[in-house]
Amino acid sequence: MHTFNNSSGIARFFQRAYIQYVFNYQSQSIEFSEWLSLFTLCLAPLVAHILIGVPEPVVLRGPRPTWTDRICHFKPTSIYWRYYIITARRVGSKSWDSADMAASNAVFWTGPKTRWDGSKNMMKQSRTFCTRLPAHNRTSILSGSSIKTVLAALQGAQAISTLCVGWRSGHQALSIALPTIFLPCAIFGLFRLPAALWLSDEYGYADIGSWDACVISELLESPRQIAELPDRIQRPPSSTWRSIAVKILYIAPLIGLLALLVLYFVPLQHHQVWTITDLVTQLFYLCFLLTTITSTLIHMVRNQTDSTIFPSVDKTWYTCYTVVLYLLALVYLIFASLETRRTPCGEYTTFPAQREFDDKICTPR
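Residues numbered from 1 in each chain as written. Predicted model: local features only at pLDDT ≥ 70, side-chain atom pairs only at ≥ 80, totals over all residues. Heavy atoms only, no water.

K.L.:
Give a description of the overall build of the chain that names residues and reports values.
P.N.:
What the chain contains, in helices and strands, is 13 helices and 9 strands. Within the span of the chain, comprising 365 residues, buried residues form 48% of the whole. For the chain, the share of sequence-separated contacts (at least 6 apart) that also reach a separation of at least 24 residues comes to 84%. About 18,300 Å² of surface is accessible on the chain, with carbon and sulfur atoms providing 64% of the total. (Helix = DSSP H or I, 4+ residues; strand = E, 2+ residues; numbered from the N terminus. Buried < 20%, exposed > 50% of the residue type's maximum accessible area, 1.4 Å probe, protein only. Contact = heavy atoms within 4.5 Å. Areas by Shrake-Rupley, 256 points an atom, 1.4 Å probe, with all protein chains shown as cover.)

Put into structure tokens, the structure is as follows:
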């Protein structure tokens, strides 16, 4: 009977604990110069993560890829996968030189039929038409790639710090506003750190605009020539401890972020009133994390880890996912812009102008 009463009490709590979402239009007092500052703070983490993580494609066959062909690369899921494969490839390689590093960092477009290629075979092929190699088989400390890694790490550390402060204070929903909506995306810059020693943009390849285009086409169509090239990179069996360690290193933080997101939006009181921006925050990051975790685990289990290009990048579902995610990001931006206001202490929030909320936001954490 005692257990039954406890169960009934828990059931009654969850029946009464719910969140009510309301829309608050309160950004009409923000001036133009302040809008510029807010949008800069808002988009900086997302834009920086994409610009740092997406390389310029090497076009080996025409016609050149259109923006619809390239848009799937401009997403944290694809960037995250690229970092993971480069790390796994280097950890599992028998030997590693500057040509291997260059080919692992490049993204090759091989025409509208075969499309993107970042496989081990392309690593062998690309040696024939490589025009510039990095000076070493690892990234130099004084290089553009190292600077990008430092910037990504700093932004990621700032995002984690902000999330931890919001969680510790218990006012995490109050701190969501236009300047911070895409700040969690910067956390994905931390996945660059394990691969940092082998990330480089100091390479060059002949493409369809150079005099070597005919040679490239012949090589791509000649499997015999490919087979004769040295096989320097061996993908390790999926059961080796190194492979398992790299997989855990990349998948465990994603699961932790998903758990944190769920805990962030669990109602701690019987009745809580949150904003539409908070609702879209849940939808945006749930869609992103659930899809990334599920698809990554599927490809890991199937051992589809041969290419730095996300295996499903040309699938219809991945294109639909990309469109949905970008539409959610646009809706997210619109609602956050309409609901954001500045509190008396200078902090921003989407909650209505009430003393109860302002006191919580402005209290030192």
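Next comes the rest of the account.
K.L.:
Lay out the packing of helix α4 (residues 76-91) against helix α10 (residues 241-264) with the relevant residues and their values.
P.N.:
Where α4 meets α10, the closest approach of the two axes is 9 Å, and the angle between their N-to-C directions is 160°. Here α4 is positioned roughly antiparallel relative to α10, judged by the angle of their axes. The hand of the α4/α10 crossing is right-handed. Residues Tyr80, Tyr83, Tyr84, Thr87, Ala88 and Val91 of α4 lie in contact with α10, whose contacting residues are Arg242, Val246, Lys247, Tyr250, Ile251 and Leu254. For the contact of α4 with α10, the class distribution of residues is 9 nonpolar, 1 polar and 2 charged. (Axes fitted to C-alpha atoms, helices over the stretch in contact; angles between N-to-C directions. Parallel < 35°, antiparallel > 145°, perpendicular 65-115°, else oblique. Left-handed = near helix turned anticlockwise from the far one by under 90°. Nonpolar A, V, L, I, M, F, W, Y, C, P; charged D, E, K, R; others polar.)

K.L.:
A description of the sheet that holds strand β2 (residues 58-59) should follow, citing residues and the corresponding values.
P.N.:
Two strands in a sheet stick together by hydrogen bonds in their backbones, pointing the same way (parallel) or opposite ways (antiparallel). With mixed pairing, 3 strands are arranged side by side in an open sheet as β2-β3-β4. What marks the edges here is a single partner per strand, and that holds for β2 and β4 (116-117). Bridge analysis of strand β3 (residues 108-109) against β4 gives 2 bridges, and the strand direction is antiparallel. Of the residues in β4, the one forming a bridge with Trp109 is Trp116. (Pairing = 2+ DSSP bridges.)

K.L.:
Can you lay out helix α2 (residues 32-53) for me, pointing to particular residues and giving the numbers?
P.N.:
Between its first and last C-alpha, α2 extends 31 Å over 22 residues, near the 32 Å set by a 1.5 Å rise per residue. Along α2, the helix axis deviates most sharply at Ala44, where the bend reaches about 40°; the proline Pro45 sits within four residues downstream. Residues Glu34, Trp35, Leu38, Cys42, Pro45, Leu46, His49, Ile50, Ile52 and Gly53 constitute the buried set of α2. (Expected span 1.5 Å × (residues − 1). Bend = angle between axes of the 7 residues up to and from the residue.)

K.L.:
Explain the packing of helix α11 (residues 276-301) against helix α12 (residues 316-339) to me, and be specific about the residues and the numbers.
P.N.:
At a minimum axis separation of 9 Å, α11 and α12 run at an interaxial angle of 160°. Considering their axes alone, α11 and α12 lie roughly antiparallel with respect to each other. As for the relative orientation of α11 and α12, their crossing is left-handed in sense. Contacts between α11 and α12 pair Ile276, Thr277, Val280, Thr281, Leu283, Phe284, Tyr285, Cys287, Phe288, Thr291, Thr292 and Ser295 from the former with Trp317, Tyr321, Val324, Leu325, Leu328, Ala329, Val331, Tyr332, Phe335, Ala336 and Glu339 from the latter.

K.L.:
Account for the pattern of salt bridges, naming residues and giving values.
P.N.:
Under the definition given, this model contains 7 salt bridges. With a closest N to O distance of 3.7 Å, Glu56 and Arg70 form a salt bridge. Taken together, the positions of Glu56 in the loop between α2 and β2 and Arg70 in helix α3 (residues 67-70) put the pair 14 residues apart, joining distant regions of the chain. The partly exposed category is assigned to Arg70, whose relative accessible area is 21%. Asp201 is paired through a salt bridge with Lys148; the nearest N and O atoms lie 3.1 Å apart. (Salt bridge = Lys/Arg side-chain N within 4 Å of Asp/Glu carboxyl O.)

K.L.:
Describe the environment of Trp109, naming the residues involved and giving the relevant values.
P.N.:
With respect to the helices, strands and loops of the structure, Trp109 is situated in strand β3. For Trp109, a relative accessible area of 1% translates into the label buried. Along the sequence, Trp109 and Pro57 sit 52 residues apart, while their C-alpha atoms lie 6.6 Å from each other. Trp109 has contacts with Val58, Val59, Leu60, Arg61, Pro63, Arg64, Pro65, Asp69, Arg115 and Trp116, leaving out every residue within four places of it along the chain.

K.L.:
Give me the lowdown on helix α5 (residues 98-105), citing residues and values where you can.
P.N.:
Of all 8 residues making up α5, 8 are buried, and the element is well covered by its neighbours. If you check which residues of α5 are buried, you get Ser98, Ala99, Asp100, Met101, Ala102, Ala103, Ser104 and Asn105. Taking the backbone nitrogen of Ala99 as reference, a side-chain oxygen 3.1 Å away marks Asp97 as the first, capping residue of α5. (Polar contact = N/O pair within 3.5 Å; in protein donor to acceptor, adjacent residues only side chain to side chain.)

K.L.:
Quick one: what's the story with the nonpolar core, residue by residue and with numbers?
P.N.:
Among the nonpolar cores identified, the biggest contains 68 residues, and Ile181, Phe182 and Phe284 are the most heavily contacted of them. Those elements giving two or more residues to this core turn out to be α2, α4, α7 (144-169), α10, α11 and α12. The dominant element in this core, judged by the number of residues it contributes, is α11, at 9 residues. (Core = buried A, V, L, I, M, F, W, Y, C linked by side-chain atoms within 4.5 Å.)

K.L.:
Can you break down unusual backbone geometry residue by residue, with the values?
P.N.:
Positive phi outside glycine occurs at Asn303, with the angle close to 60°. Mapped onto the secondary structure, Asn303 falls in the loop between α11 and α12. Asn303 sits in the partly exposed class, given a relative accessible area of 25%.

K.L.:
Tell me about a nonpolar patch on the surface, and name the residues and values.
P.N.:
Together, Phe23, Tyr25, Val323, Leu327, Leu330, Ile334 and Leu338 make up an exposed nonpolar region whose accessible area comes to about 650 Å². Its place among the elements puts Leu330 in helix α12. (Patch = residues over 30% accessible without salt bridge, like charges linked within 9 Å, V, L, I, M, F, W, Y side chains within 5 Å.)

K.L.:
Quick one: what's the story with the environment of Leu133, residue by residue and with numbers?
P.N.:
Tracing the sequence through the fold places Leu133 in the loop between β5 (130-132) and α7. By relative accessible area, Leu133 is classed as partly exposed at 41%. The spatial distance from the C-alpha of Leu133 to the C-alpha of Tyr205 is 9.0 Å, given a sequence separation of 72 residues. Setting aside chain neighbours within four positions, we find Leu133 in contact with Ser98, Ala99, Ala102 and Glu202.

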